[in-house]
Amino acid sequence: MRRTTALACLVSSVLLTVLTATPAAASPADWDYIALGDSYSSGVGTSGQTGTCMRSSNAYPGLWNTAHSPASFRSVACSGATTSSLRSSQLSALSSGTDLVTVTIGGNDVGFASTMITCTLVSDSGCAAKVAEAMELLDEEVPAALDATYRDIRAKAPHAKVVVLGYPILFDESAPSCGFAGMSIPKRKTINNGAVELNKVIADRARAAGFTWSDVTDEFAGHGVCGPSPWLHGLELLPPTDSFHPTGTGHRSGYLPALESALG
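Counting of residues starts from 1 at the beginning of each chain's written sequence and follows it residue by residue. The model is predicted, so local features are restricted to residues of pLDDT at least 70 and side-chain atom pairs to those at 80 or more, both for listing and for counting; the totals for chains, interfaces and linings are taken over all residues. Just so you know, side-chain values use all the structure's heavy atoms and leave hydrogens and water out.

A. Geometry of the overall build of the protein. Only DSSP runs of H or I with at least four residues qualify as helices, and only runs of E with at least two residues qualify as strands; both kinds are numbered from the N terminus onward. Across its full length, the protein carries 10 helices and 5 strands. Whether two residues touch is decided by their heavy atoms; if any such pair falls within 4.5 Å, the residues are in contact. Sequence-distant contacts in the protein: of pairs separated by 6 or more residues, those separated by 24 or more amount to 74%. The Shrake-Rupley method, run with a 1.4 Å probe, gives the accessible areas here. Residue values count only the displayed protein chains as cover. A total accessible area of about 12,300 Å² is found for the protein, and carbon and sulfur atoms account for 57% of it.

Structure, rendered in structure tokens:
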């Protein structure tokens, strides 16, 4: 009898543990989702951009929201965001009830826009020098900035699954001509190598924070600027802000599948 009673108590204890350990938000329909980040999350390069942050429902966060209808969704991602501006202006959207956070950040910390403008206008060696400056920032300042950002995200959303998405490799390197003046093959290779290094640092710091890293380079492979089927804008004049950002197809067929895969 004692053994039977002890076994029954053990089974009851295990069942109670399993039941109480089951997350309340077990499916996307129950999740509260907040999208943070820069222009690659706000939707620059897609249609329907609004406001100074240039947000669009056609960016990957809005597409995921449409596909899964979570309990709540809000994007506070903003064009031009750095780790510093994200920490000062976006984190208030998070709470202890937040279940899912996605973020792209770090590109503007190494001077994405100024690097692209410089490389478009100057010589191959001038572009290489500009990218080298960005790599110095990447080595000396960005890891600590990412660590601080990720700590703040976790503090504000202690129970959330956080997915950090990377950046695509911008250029096809095989095409002899890029369709617009100024972006030679050596420049394209230099910029692409910089993007690889940036993704490595972001991935390393995201994993160190216990977050899920989502590399989008496989999804965008074969769809770089200058290639036959680009999912990124090249140099654009109307509007110029779209330049070197994912198109609607890039978000739908590149970023969204990467996020879906990261969420299992």
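B. Representation of the sheet that holds strand β3 (residues 100-104) in the model. Whether two strands pair depends on DSSP finding at least two bridges between them. As summarised here, the arrangement of the 5 strands in space is β2-β1-β3-β4-β5, forming an open sheet in which the pairing is parallel. The strands lining the two open edges of the sheet, one partner per strand, are β2 (72-75) and β5 (212-214). Going across the sheet, the axis of each strand differs from the next one's by a mean of 20°, ignoring polarity. Pairing geometry for strand β1 (residues 32-37) and β2, over 4 bridges, is parallel. The angle between two axes is taken between their N-to-C directions and runs from 0 to 180 degrees, where each axis is a line fitted to C-alpha atoms and a helix contributes only its stretch in contact.

C. Up close: the layout of surface pockets. Buriedness for pockets is judged along seven lines, at least five of which must meet protein on both sides within 12 Å for an open set on the 1 Å grid over protein atoms alone, while cavities are sets there where a 1.4 Å probe fits but cannot get out, and lining residues have an atom within 4 Å of a point. Grid points are joined across faces, edges and corners, and a volume is the space filled by probe spheres set on the points. What the largest pocket holds in volume is close to 340 Å³. Around the largest pocket sit 18 residues that line it, and A113, P240, T241, S243 and H245 are the ones nearest its centre. For the lining of the largest pocket, the element with the highest residue contribution is helix α5 (residues 112-121), accounting for 6 residues. Residue polarity follows a fixed list, in which Ala, Val, Leu, Ile, Met, Phe, Trp, Tyr, Cys and Pro are nonpolar, Asp, Glu, Lys and Arg are charged, and the others, Gly among them, are polar. Grouping the amino acids of the lining of the largest pocket by side-chain chemistry returns 9 nonpolar, 8 polar and 1 charged.

D. Fine view of helix α10 (residues 248-263). The length a helix should cover is 1.5 Å for every residue beyond the first. For α10, which comprises 16 residues, the first-to-last C-alpha distance of 21 Å matches the rise-based estimate of 22 Å (1.5 Å per residue) to within 8%. Considering bend angle alone, the principal kink of α10 is centred on L256 and spans about 30°; proline P257 follows within four residues of it. Think of it in three bands: residues with accessible area under 20% of the maximum for their type are buried, residues over 50% are exposed, and the middle band is partly exposed, with areas taken using a 1.4 Å probe on protein chains only. Among all positions of α10, only G250, H251, G254, Y255, L256, A258, L259, A262 and L263 are buried. One or two positions beyond α10, positive phi appears at G264, with a value near 75°. Bend, at a single residue, is the angle you get between axes fitted to the 7 residues ending at that residue and the 7 residues starting at it.

E. Local environment of the confidence of the model for the protein. Residue-level confidence of the predictor, termed pLDDT, takes values from 0 up to 100. Per-residue confidence for the protein gives a mean pLDDT of 91; residues scoring 70 or more make up 89%. Scored below 50 in pLDDT, residues 1-25 makes 4 contacts in the model with residues more than four places away or belonging to other chains.

F. How the structure looks around the packing of helix α6 (residues 124-140) against helix α8 (residues 185-208). Running from N to C, α6 and α8 point in directions that differ by 5°, and their axes come no closer than 9 Å. Taken together, the axes of α6 and α8 are roughly parallel relative to one another. Residues D124, C127, A128, V131, M135 and L138 of α6 touch α8, and the partners they reach there are P186, K187, T190, I191, G194, E197, L198 and V201. Counted by class, the contact of α6 with α8 contains 9 nonpolar, 2 polar and 3 charged residues. Here is the rule for angles: anything less than 35 degrees is roughly parallel, anything more than 145 is roughly antiparallel, 65 through 115 is roughly perpendicular, and the remaining ranges are oblique.

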